[in-house]
Amino acid sequence: KRSIGFLIIPMEGIQPATLPNHVAIIMDGNNRWASERELPGVSGHKKGVERAREAVEFSVKKGISVLTLFAFSSENWGRSADEVNLLMKLLYTALHEEVPNLIKNSVQLNFIGDLSQFDKDLIEQMRNSEYLTRCKKGDKKLDLVVAASYGGRWDIVNAVNEIQKSNQKKIITEEIFNSYLSTASFPYPDLCIRTGHEKRISNFLLWQLAYSELYFPDLLWPDFDDNQFEQALNEYAKRTRRFGDKSNFKM
């Protein structure tokens, strides 16, 4: 399936009515994947970058409109200095190498999170990458949202602070509050996938995932290939989303 404006053109597999518009992924398990193979941790992270690239290409192929990847959490700053430095270098390299592919595939890159925590060179690289991937109206095939130095609690507290700065005098509604979140430009995720053998969302998009479908494949992120992504979409297609509707509730 692919989208052109509001025109939906079916392709193989999942039908439009059952395809998530926005998929969010918690990419967990790179270090454990490397450890299980007696490889250095960097090998797991590099493989994780490859899987992220594949997930982007798969999303474009399927016609998913938004893909959000949890790349680096607020809590990840607590890891060893060596690992943090390694992750920063990988992010810088990945941006340098992947931007041409994003442009080629009409993928628009967006960063969310407390980017002020990164060094100036990396921030400049992030902003430049966002600028270079801006798509002309009607050409965009996918919004790729990368959550970096991101935490759901940070997002909520930051929104509250921004509302206070705005001198908002009206009663704060959910719609107003949402407009101050870092994801305000995007719809809420329909499906959240979390790898790594864990069944929790780990401070990721706490407000936005309120009614998202959650999927926990029993594997590590470097093993999450196109077939696994397809399985996640098939599982999503089987579910009935009620958004808190109690019309079918029986005592």
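(A) Spotlight on the packing of helix α2 (residues 41–62) against helix α7 (residues 226–238). In the contact formed by α2 and α7, the axes pass within 10 Å of each other and the chain directions differ by 50°. It follows from the interaxial angle that α2 and α7 lie oblique. The hand of the α2/α7 crossing is right-handed. Along its contact with α2, which presents E54, A55, F58, S59 and K62, the element α7 presents D226, F229, E230 and L233. Here the residues of the contact of α2 with α7 are counted per class, giving 4 nonpolar, 1 polar and 4 charged.

(B) Highlighting the pairing of strand β4 (residues 66–73). Burial analysis of β4 places 7 of its 8 residues in the buried class, which makes it a mostly covered element. Direction of pairing for strand β3 (residues 22–26) relative to β4: parallel, over a ladder of 5 bridges. Bridge assignment links H22 to a residue of β4, and that residue is V66. With 7 bridges joining them, β4 and strand β6 (residues 142–150) adopt parallel strand pairing.

Rules used throughout
Residues numbered from 1 in each chain as written. Predicted model: local features only at pLDDT ≥ 70, side-chain atom pairs only at ≥ 80, totals over all residues. Heavy atoms only, no water. Axes fitted to C-alpha atoms, helices over the stretch in contact; angles between N-to-C directions. Helix = DSSP H or I, 4+ residues; strand = E, 2+ residues; numbered from the N terminus. Parallel < 35°, antiparallel > 145°, perpendicular 65-115°, else oblique. Left-handed = near helix turned anticlockwise from the far one by under 90°. Contact = heavy atoms within 4.5 Å. Nonpolar A, V, L, I, M, F, W, Y, C, P; charged D, E, K, R; others polar. Buried < 20%, exposed > 50% of the residue type's maximum accessible area, 1.4 Å probe, protein only. Pairing = 2+ DSSP bridges.

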